[in-house]
Amino acid sequence: MKKERFQGEWPKIGIRPTIDGRMGGVRESLENQTMNMAKSVVDLLEATLKYPDGTPVQCVVTDTTIGRVPESAACAEKFRRENVAVTITVTPCWCYGSETMDMDSHTIKAVWGFNGTERPGAVYLAAVLAAHAQKGLPAFGIYGHDVQDAGTTDIPADVKEKLLRFARAGMAAAVMRGKSYLSIGAVCMGIAGSIVDTDFFEDYLGMRCEGIDEVEIIRRMTLGIYDREEFEKAVAWAKNTCKEGEDNNRSDLQKSREEKDGDWEFVVKMALIVKDLMSGNPKLKEAGFGEEALGHNAIAAGFQGQRQWTDFYPNGDFAEAILNSSFDWTGIRAPYILATENDALNGTAMLFGHLLTNAAAIFADVRTYWSPEAVERVTGKKLTGKAENGIIHLINSGAATLDGYGRQSDASGNPVMKPFWEITENEVKACLDATTWVPANREYFRGGGFSSKFLTRAGMPCTMVRLNLVKGLGPALQLAEGWTVELEPDMHKILDDRTDKGWPTTWFVPRLTDKDNFRDVYSVMNNWGANHGAISYGHIGADLITLASILRIPVCMHNIEDKDIFRPASWSAFGMDKEGADYRACLTYGPMFKK
């Protein structure tokens, strides 16, 4: 993803080295140590974190240490010029808290107070966090577990973890701000998530909502408002690369070869146009379509499809699957976030996962819980291994990212989903070779089209996420960390064919705990808040919880250990039970971007 997909520059992280302002010996003795702390944080963040386009995250350090108000003001002015959205204040010593703190209500804040004995960095940390709480400016507090020597430049592992968790979540919130969610169509088959709530996007995410009718796709097809050269390249790529699967429709519903060839051209053209609608395309301006060339500055979108579209036109499965993937006819590139059935809430969950991992996210129905007893009754065989306590069937109509098949690998050969800049051409080929494009089920999709068919490899750690809106409460996030599993081939076929022979399948097992919602696999399914889920590679639940607290979205269901939960320091003032405190804090502070 190049930043050219969107307007403006990437947001930056500002590092604020604060210091004891007393000159004549105290301040001078701390200048080098304080600035070295700032530089060590810059080195860590810039070497570890990347923007969605693969370039290193940029940090900005103040010109001087900050000891008094004028230096705080100079820092704030520099950060405004440099597009700083996230700040980390660092210090090894006592400082004048209210004079040196970040007072900008629009930045996302953390403070690292050095755990050393020579100077009271911990005292400043506690004092300035109290000031943040008193002034209604929540900040994350970072304090190392073990005492360090004053001269060290190393960042302890526990401090690194918190710095990176905060920075990842803070940048995810900052990158979303000012972008758009593009709704192509409207409400799909009564699905509540596709009733796009503009107040939520504006107040909680700082985004705007754009909406167009699906007929705009037909208008562009009819009038030739797309890149003809790219279309020819894309159609040739699809014909040479995308393997068509068996037509499972009954004979009277099967299309002719000529009709299927026409459908391929239609769905490829549709993918090009949806991409142009999201991000714009300068080629259209060259062709005389200046307005259409602009796009909608959309970091995420959704396509309604059913039923007004799919009862007549080929479905959106190809466009959704290929745009959500990290590659297409143009080569390897960042995925687009495109929600099936215009489920904007699941699209938002996909966006959260993508921004935290820089990898693609799977869109799926959280469709069926299979108990061990039911599996044995139907297949005559027992579930084993991680699946022994039951499984959840994640499956939808062929619109999931091709990255989700697990055909990318780490250095040990384990299945993964990678940021696009780590994906190889061989891995792209493996993903495409593992996919068949099955003619759409015409009892569901009367207009035809093609659905991707695949089976996710076992052993991927992943996190299933859902954002819900509840009247009177607002948004609430739920997540379940777990793993993908594989079943014996004949067992898989029996279970999989009961739904649809032409759709992609991921078998998912959540990690169980002693919490009520995670005591068994059934409880996870039974307490899931909607029919859809977004699945990201890796166990990123702790990062999601940190991001949710930044956005003031409470988390109602998770299987993360308490020790890994990292929220602003003031959350502790709202009670000793972490879940209740989260709800009370989010209610008190209100949405991050509400005017």
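Structure shown above.
Residues numbered from 1 in each chain as written. Predicted model: local features only at pLDDT ≥ 70, side-chain atom pairs only at ≥ 80, totals over all residues. Heavy atoms only, no water.

Trainee: Could you give me a rundown of the overall build of the protein, with the residues and numbers involved?
Mentor: Summing up its helical and strand segments, the protein has 18 helices and 23 strands in all. Taken against the 2.2 N^0.38 rule, which gives 25 Å for 595 residues, the C-alpha radius of gyration of the protein at 25 Å falls within 12% of a compact globule. Across its three principal directions, the C-alpha atoms of the protein cover 90 × 65 × 50 Å. Partitioning the intrachain contacts of the protein with sequence separation of at least 6 by distance along the chain shows that 76% fall at a separation of at least 24. Accessible surface computed for the protein: about 23600 Å², of which carbon and sulfur atoms make up 49%. One finds the centroid of the 66 positive side-chain charges in the protein at a distance of 2 Å from the centroid of its 80 negative side-chain charges. (Helix = DSSP H or I, 4+ residues; strand = E, 2+ residues; numbered from the N terminus. Rg over C-alpha atoms; globule rule 2.2 N^0.38 Å. Contact = heavy atoms within 4.5 Å. Areas by Shrake-Rupley, 256 points an atom, 1.4 Å probe, with all protein chains shown as cover. Lys, Arg positive; Asp, Glu negative; His and termini not counted. Charge placed at Lys NZ, Arg CZ, Asp CG, Glu CD.)

Trainee: Describe the pattern of salt bridges, and please don't skip the residues or the numbers.
Mentor: Tallying each qualifying case throughout the model produces 37 salt bridges. Measuring nitrogen to oxygen at the nearest pair gives 2.7 Å for the salt bridge that ties R68 to E99. Of the two residues, R68 sits in the loop between β2 (59-61) and α2 (69-81) while E99 sits in helix α3 (residues 97-100), which places them 31 residues apart along the sequence. Classification of R68 by relative accessible area gives partly exposed; the value is 39%. The closest approach of N and O atoms between D247 and K260, which form a salt bridge, is 2.9 Å. Taken together, the positions of D247 in the loop between β8 (243-244) and α9 (257-279) and K260 in helix α9 put the pair 13 residues apart, joining distant regions of the chain. Linked through salt bridges whose partners overlap, the residues forming this network are E161, R165, R168 and D543. (Salt bridge = Lys/Arg side-chain N within 4 Å of Asp/Glu carboxyl O. Buried < 20%, exposed > 50% of the residue type's maximum accessible area, 1.4 Å probe, protein only.)

Trainee: Before we move on, could you go through the side chain of E216 and cite the residues and values that matter?
Mentor: Within the secondary structure layout, E216 lies in helix α7 (residues 215-223). A relative accessible area of 15% means that E216 is categorised as buried. A distance of 2.8 Å separates the side chain of E216 from the side chain of R220, its partner in a polar contact. For E216, the residues in contact, after removing those within four places along its chain, are L277 and E292. (Polar contact = N/O pair within 3.5 Å; in protein donor to acceptor, adjacent residues only side chain to side chain.)

Trainee: Which residues make up the packing of helix α13 (residues 372-379) against helix α15 (residues 489-496), and what values do they have?
Mentor: Across the interface, α13 lies against α15 with an axial gap of 10 Å and an inter-helix angle of 95°. Relative to α15, α13 is oriented roughly perpendicular. Across the interface between the two elements, V375, V378 and T379 from α13 touch M491, I494 and L495 from α15. Residue composition of the contact of α13 with α15, by class: five nonpolar, one polar and no charged. (Axes fitted to C-alpha atoms, helices over the stretch in contact; angles between N-to-C directions. Parallel < 35°, antiparallel > 145°, perpendicular 65-115°, else oblique. Nonpolar A, V, L, I, M, F, W, Y, C, P; charged D, E, K, R; others polar.)

Trainee: Please give an account of the sheet that holds strand β7 (residues 208-212) that cites residues and values.
Mentor: If you trace the four strands from one edge of the open sheet to the other, you get β7-β6-β9-β12, paired in parallel fashion. Edge strands, defined here as strands with exactly one partner in the open sheet, are β7 and β12 (338-340). Strand after strand, the sheet turns through a mean of 20° between neighbouring axes, direction not considered. Where strand β6 (residues 180-184) and β7 come together, five bridges link them in parallel fashion. Bridging across to β7, S183 finds its partner in G211. Its contacts with the sheet place α9 against β6, β7, β9 (298-303) and β12, and it is angled at close to 135° to β9. (Pairing = 2+ DSSP bridges.)

Trainee: Please give an account of unusual backbone geometry that cites residues and values.
Mentor: With an omega dihedral of -10°, the bond running from Q306 to R307 counts as a cis peptide bond. The phi dihedral of M189 is positive, around 50°, even though this residue is not glycine. Inspection of the secondary structure assignment puts M189 in the loop between β6 and α6 (198-205). Positive phi values are uncommon outside glycine, yet N358 reaches one of about 65°. Assignment of secondary structure puts N358 in the loop between α12 (344-357) and β13 (361-370). Given a relative accessible area of 9%, N358 falls into the buried group.

Trainee: Could you give an account of the nonpolar core, with specific residues and numbers?
Mentor: Within the largest apolar cluster, 78 residues are counted, with the highest numbers of intra-cluster contacts made by I13, I15, L45, I88 and W112. Per-element tally for this core: the top contributor is helix α5 (residues 157-176), with twelve residues. In terms of nonpolar packing, the next biggest core, distinct from the first, is built from 66 residues, I212, A301, F450 and W528 among them. (Core = buried A, V, L, I, M, F, W, Y, C linked by side-chain atoms within 4.5 Å.)

Trainee: How would you summarise α7 if you had to cite specific residues and measurements?
Mentor: Looking at α7, one finds that the buried residues are E216, I217, I218, R220 and M221. After α7 finishes, the residue G224 shows a positive phi value of roughly 70°.

Trainee: Quick rundown of the pairing of strand β1 (residues 12-17)? Include the residues and the values.
Mentor: Of all six residues in β1, six are buried; the element is thus mostly enclosed. The side-chain alternation of β1 yields two buried faces, one formed by K12, G14 and R16 and the other by I13, I15 and P17. In terms of strand pairing, β1 meets strand β3 (residues 84-91) through six bridges, oriented parallel. What sits directly across from I13, in β3, is V86. You can see the chain leave β1, run along helix α1 (residues 26-48) and come back into β2, and the turn it takes is right-handed. (Right-handed = clockwise from strand over helix to strand, strands pointing away.)

Trainee: Give me the lowdown on the packing of aromatic side chains, citing residues and values where you can.
Mentor: Here a ring pair, both rings aromatic, is described through the centre-centre distance and the interplanar angle of the planes. All told, the structure shown has 26 aromatic pairs when counted by the stated rule. Relative to Y589, the ring of F574 has its centre 6.1 Å away and its plane inclined at 65°; by these criteria the two rings are edge-to-face. Of this pair, F574 sits in the loop between β23 (555-557) and α18 (578-589) while Y589 sits in helix α18, and the two are 15 residues apart along the sequence. Here a set of aromatic residues connected by ring pairs shows up, and it is made of F266, F303, W309, F312 and Y313. Here the guanidinium or amino end of R228 rests over the ring plane of Y226, the centre of that ring lying 5.3 Å away. (Phe/Tyr/Trp six-rings, centres within 6.5 Å; stacked < 30°, edge-to-face > 60°. Lys NZ or Arg CZ within 6 Å of the ring centre and 35° of its normal.)

Trainee: Please give an account of the sheet that holds strand β5 (residues 139-142) that cites residues and values.
Mentor: Reading across from one edge, β2-β1-β3-β4-β5 is the order of the five strands in this open sheet, with parallel pairing throughout. Strand pairing shows two members of the sheet lacking a second neighbour, β2 and β5, which therefore form its edges. Strand-to-strand twist across the sheet, computed as the mean angle between neighbouring axes with direction ignored, equals 20°. Helix-sheet contacts for α1 involve β1, β2, β3 and β4 (108-113), and the interaxial angle to β1 is about 160°. Contacts from α2 reach β1, β2 and β3, with the element oriented near 170° to β1.

Trainee: Account for the pairing of strand β19 (residues 461-470), with residues named and values stated.
Mentor: With eight of ten residues buried, β19 lies mostly within the body of the structure. Of the pairings in the sheet, the one linking β19 to strand β20 (residues 474-485) comprises ten bridges and is antiparallel in character. Its bridge partner lying in β20, L467 is registered against L477. Two successive antiparallel strands, β19 and β20, enclose a turn made up of three residues, where G472 displays a positive phi of approximately 90°. When β19 meets strand β22 (residues 532-537), the two strands line up antiparallel, connected through four bridges. Among the inter-strand pairings, V465 is bridged to a residue of β22, identified as A534.

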